[in-house]
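What follows is the residue order along each chain.
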Amino acid sequence: MKAGVRPLETFPVRIGTQRLRVAIGGAQDAERTLLLFNGIGASVETLAPFIARFSHTRVVTFDAPGVGESPAPWLPYRPRDIARLGADLLTHLGVQRAHVFGVSWGGAAAQEFAINHPRRCSTLTLAATCAGIVMVPGRLNVLLKMLSPRRYVDPAYLMRIGGELYGGELRFESELLQLHAQSMRSPSWHGYFYQLLATAGWTSWPWLKRVQAPALVMMGSDDPIVPPVNGRIIAAGLPRATLETVDCGHLFVLTRAAQTARRVERFMDQHAA
């Protein structure tokens, strides 16, 4: 683990029939909680550098079913089911209301949380994500690489294609990409397929107008997977949205971890009431 990054506290939790590996980090004695939904195929370890940058917020996240140490379920699921797991996890932890953050694939679950659990969502932050089938797609050669979890299984493969896949600083910062590769844990093929299937045909667009929580939409200016125009699409549908562009790629929550965490905490501070 990179020097200066506090280790996450991880433990198993059973929510209904689903066993989850849960991780808590940041300022663990803070009064406020941020519920974080991660990207496709990514275990909680990949977010450790980002979570460690939160100085006034307790951050709660979990391995999605089929990722890390959360076993894949028998049946497929949808983003609203991941949002429900997040809500039930908060209940298990004794948290009635939380700030919500979703990155990439996890942005779908975060949007579903804000739509379906409005009284439990203080603010909504979305990073490098889209509103589903209404999205402007990324580059075809990049999206085809996303169909396989090979980058999580083969570090050498990730080092070859990481810059093209994620854009931004990872195009030329091999050390950052190496640190990301070292933090990865391989998802199961079964679990990764379920994650792909979860968002097939999904969209949040018709229901975004229901979200009354203040929303911060952050997009990378050089994102080959989710072009920044998708941020404008989401922000146009949210009643209380602030749209910002980060001069980086798809993984700016990791390459600009401190800057992004500070911005999210300022946003939560602005809407503390």
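Residues numbered from 1 in each chain as written. Predicted model: local features only at pLDDT ≥ 70, side-chain atom pairs only at ≥ 80, totals over all residues. Heavy atoms only, no water.

Draft legend 1. Structural context of the overall build of the protein chain. Helix and strand content of the protein chain: 11 helices and eight strands. Taken over C-alpha atoms, the radius of gyration comes to 17 Å for the protein chain, in line with the 19 Å a tight globule of 273 residues would show. With respect to the principal axes defined by its C-alpha atoms, the protein chain has extents near 45 × 40 × 40 Å. In the protein chain, buried positions account for 58% of the 273 residues. At a minimum sequence separation of 6, the contacts of the protein chain that also span at least 24 residues come to 75%. Per element, the accessible surface of the protein chain, about 11,700 Å² overall, is 54% carbon and sulfur. Computed over 29 positive and 20 negative side-chain charges, the inter-centroid distance for the protein chain is 6 Å. (Helix = DSSP H or I, 4+ residues; strand = E, 2+ residues; numbered from the N terminus. Rg over C-alpha atoms; globule rule 2.2 N^0.38 Å. Buried < 20%, exposed > 50% of the residue type's maximum accessible area, 1.4 Å probe, protein only. Contact = heavy atoms within 4.5 Å. Areas by Shrake-Rupley, 256 points an atom, 1.4 Å probe, with all protein chains shown as cover. Lys, Arg positive; Asp, Glu negative; His and termini not counted. Charge placed at Lys NZ, Arg CZ, Asp CG, Glu CD.)

Draft legend 2. Representation of a nonpolar patch on the surface within the structure. Side chains of I133, V134 and W205 sit close together on the surface and give an oily, nonpolar patch of about 270 Å² of accessible area. With respect to the helices and strands, W205 occurs in the loop between helix 8 (189-198) and strand 7 (215-220). (Patch = residues over 30% accessible without salt bridge, like charges linked within 9 Å, V, L, I, M, F, W, Y side chains within 5 Å. Salt bridge = Lys/Arg side-chain N within 4 Å of Asp/Glu carboxyl O.)

Draft legend 3. Local environment of the environment of A64. Within the fold, A64 resides in the loop between strand 4 (58-62) and helix 2 (79-92). In sequence terms A64 and Q195 are 131 residues apart; their C-alpha atoms lie 8.6 Å from each other. Apart from the residues lying within four places of it in its own chain, the contact partners of A64 are S70, W105 and Q195.

Draft legend 4. Representation of the packing of aromatic side chains. Taken as a whole, this structure holds six aromatic pairs when the rule is applied. Measuring from ring centre to ring centre gives 6.4 Å for F37 and F113, while their planes differ by 50°; the resulting arrangement is tilted. Of this pair, F37 sits in strand 3 (residues 33-37) while F113 sits in helix 3 (residues 106-116), and the two are 76 residues apart along the sequence. Plain terms: the ring middles of F50 and F101 are 5.3 Å apart, the flat faces sit at 50° to each other, and that makes the pair tilted. Taken as a pair, F50 in helix 1 (residues 48-51) and F101 in strand 5 (residues 98-103) lie far apart in primary sequence, 51 residues in all. F101 carries the same exposure label as F50, and that label is buried. The structure contains a cluster of three or more aromatic residues connected by ring pairs, namely F37, F62 and F113. The aromatic ring of Y157 is capped on one face by R150, whose charged end is 4.0 Å from the ring centroid. (Phe/Tyr/Trp six-rings, centres within 6.5 Å; stacked < 30°, edge-to-face > 60°. Lys NZ or Arg CZ within 6 Å of the ring centre and 35° of its normal.)

Draft legend 5. How the structure looks around the sheet that holds strand 6 (residues 121-127). Strand order across the open sheet formed by eight strands is 1-2-4-3-5-6-7-8, with mixed pairing between neighbours. Of all strands in the sheet, those with a lone pairing partner are strand 1 (9-15) and strand 8 (241-246), marking the two edges. Ignoring which end each strand starts from, the neighbouring axes of this sheet average 25° apart. Direction of pairing for strand 3 relative to strand 5: parallel, over a ladder of four bridges. What sits directly across from L36, in strand 5, is F101. (Pairing = 2+ DSSP bridges. Axes fitted to C-alpha atoms, helices over the stretch in contact; angles between N-to-C directions.)

Draft legend 6. The arrangement of the pairing of strand 1 in detail. As defined by bridge partners, strand 1 adjoins strand 2 (residues 18-26) across seven bridges and the pair is classed as antiparallel. Directly across from P12, in strand 2, lies its bridge partner R21. Between strand 1 and strand 2, which pair antiparallel one after the other, the connecting turn spans two residues, and G16 there sits at a positive phi close to 65°.

Draft legend 7. Here's a closer look at the side chain of T123. Within the secondary structure layout, T123 lies in strand 6. Assessed through its relative accessible area of 1%, T123 is described here as buried. A polar contact is formed between the side chain of T123 and the side chain of H99, at a distance of 2.7 Å. Sequence-distant contacts of T123, that is, excluding residues within four places in its chain, are made with A98, H99, V100, A213, P214, F267, M268 and H271. (Polar contact = N/O pair within 3.5 Å; in protein donor to acceptor, adjacent residues only side chain to side chain.)

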